[in-house]
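Here's the letter readout for the chains.
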Amino acid sequence: MTETNKAYDPLLRWIHWVTAVLFIMAMLIGLYCGLQPAGTSPRRELLEIHKSLGITLFLLALLRVVVRSRTTAPPAPATFGPLVRALSQLNHWALYALLLIMPVTGYMFSSAGGYSLRYFWTFSWPRMFAGDKAIAHAGEIAHDTLAYLVYLVVGLHIAATLWHAFIVKDETLARMWPRR
Ligand code: HEM
Ligand code: HEM
């Protein structure tokens, strides 16, 4: 077997790990901010970072979808039975969907609700839905509800990786690990 069909494309592997770090930061900051009363400090400042990370993740996800569609994923490890294969595919689809939907719903909420959209202390993103209360409400409800799915799907993803790396001891992690 060659290097290309044993692992994911090298660029895809790098995007995966940059995404993993930024996503977990955005998720934990979001979780903390959701527990703090609106308008208080440091919630206000942390939300600025949360939104900037979220928009960065969205741009990375678009790049990732292009790279993924133009490269071939390695076949599933031999240790994967049909059920594990189906569940891992479902988990990956859900992760891709959340990477695209979470930033969109967050943007709907902030753009229509008149909240800050400054990108890492620099420029502000345009407001496409300024003043539209229905969009602000739909964005807020969707973002806050899907947050539970984020915790579940990311939690299962990390737990499954640890299981394969330390208990089953197969090549699942190696397929995604960056190397020279
Ligand atoms: C992949 C990207 C993102 C993830 C994983 C994410 C995740 C989360 C999570 C887990 C929460 C906590 C929800 C709660 O406890 O109520 C949250 C809250 C929030 N997020 Fe995001 N988010 C992302 C992108 C964005 C973007 C791009 C924006 C805005 C442009 C945004 C705006 C907000 C706001 C304003 C809150 C506070 C909501 C509240 O307290 O009701 N998020 N986010
Ligand atoms: C410490 C955290 C993480 C670890 C250890 C990890 C590990 C892995 C591993 C080993 C794979 C390959 C699985 C296989 O080939 O069957 C993978 C795939 C994947 N991971 Fe993660 N991951 C982490 C965080 C994340 C996060 C936060 C996201 C996105 C929100 C994510 C999204 C994905 C996606 C979408 C795939 C499928 C790749 C594809 O088919 O294009 N991962 N991950």
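Keep in mind that this is a model prediction, so the values were computed, not measured.

Conventions we followed
- Residues numbered from 1 in each chain as written.
- Chains lettered and ligands numbered in written order.
- Predicted model: local features only at pLDDT ≥ 70, side-chain atom pairs only at ≥ 80, totals over all residues.
- Helix = DSSP H or I, 4+ residues; strand = E, 2+ residues; numbered from the N terminus.
- Buried ≥ 20, exposed ≤ 12 C-beta atoms within 10 Å, placed from the backbone.
- Expected span 1.5 Å × (residues − 1).
- Contact = placed C-beta atoms within 7 Å.
- Near = placed C-beta within 6 Å.
- Nonpolar A, V, L, I, M, F, W, Y, C, P; charged D, E, K, R; others polar.
- UniProt positions renumbered as here; feature names shortened; annotations may be inferred.
- Axes fitted to C-alpha atoms, helices over the stretch in contact; angles between N-to-C directions.
- Parallel < 35°, antiparallel > 145°, perpendicular 65-115°, else oblique.
- Left-handed = near helix turned anticlockwise from the far one by under 90°.

Once that is clear, we can look at the environment of K133. When you line up the elements, K133 lands in helix α5 (residues 133–168). For the pair K133 and G113, spaced 20 residues apart in sequence, the C-alpha separation works out to 6.8 Å.

The step from S41 to P42 runs through a cis peptide bond, and the omega angle for that step is 5°. Its location among the elements puts P42 in the loop between α2 (10–35) and α3 (43–70). Of note, F120 is a non-glycine position whose phi angle comes to about 40°, a positive value. Checked against the element boundaries, F120 lands in the loop between α4 (82–113) and α5. Even without being a glycine, K169 presents a positive backbone phi close to 55°. Structurally, K169 is set in the segment after α5. K169 gets classed as exposed once you count the C-beta atoms within 10 Å, which come to 10.

An α-helical segment advances 3.6 residues per turn. Residues three or four places apart therefore align on the same side. In a regular helix each residue adds 1.5 Å, so 28 residues correspond to 40 Å; α3 covers 40 Å between its end C-alpha atoms and thus fits that length. Turning to α3, its buried residues are L47, H50, K51, L53, G54, L57, A61 and R64. Looking at the buried positions of α3, the neighbouring elements they touch are α2 and α4.

Looking now at the site of ligand 1. In the neighbourhood of ligand 1, 25 residues make up the surrounding shell, with G30, G34, G54, G106 and A147 lying closest. Taken together, the elements giving at least two residues each to the shell around ligand 1 come down to α2, α3, α4 and α5. Considered class by class, the residues forming the shell around ligand 1 number 15 nonpolar, seven polar and three charged.

If you check the shell around ligand 2, you find 20 residues, and the closest are A20, F23, H92, L95 and M176. Listed by contribution, the elements that provide at least two residues to the shell around ligand 2 are α2, α4 and α5. Of the residues contributing to the shell around ligand 2, the split by class is eleven nonpolar, seven polar and two charged.

A few words on the UniProt feature "domain: Cytochrome b561 bacterial/Ni-hydrogenase" (unreviewed entry) in the chain. As recorded in UniProt, the sites labelled "domain: Cytochrome b561 bacterial/Ni-hydrogenase" (unreviewed entry) are residues 8–178. Taken end to end, residues 8–178 is 71% helix and 0% strand, and its two terminal C-alpha atoms sit 9 Å from one another.

Two elements in contact, α3 and α4, have axes separated by 9 Å at closest approach and are oriented at 135°. When the axes of α3 and α4 are compared, the pair comes out oblique. In this structure, the crossing between α3 and α4 has a hand that is left-handed. From α3, K51, G54, I55, L57, F58 and A61 reach across to α4, where they touch L99, L100, M102, P103, G106 and S110. In terms of residue class, the contact of α3 with α4 is made up of eight nonpolar, three polar and one charged.

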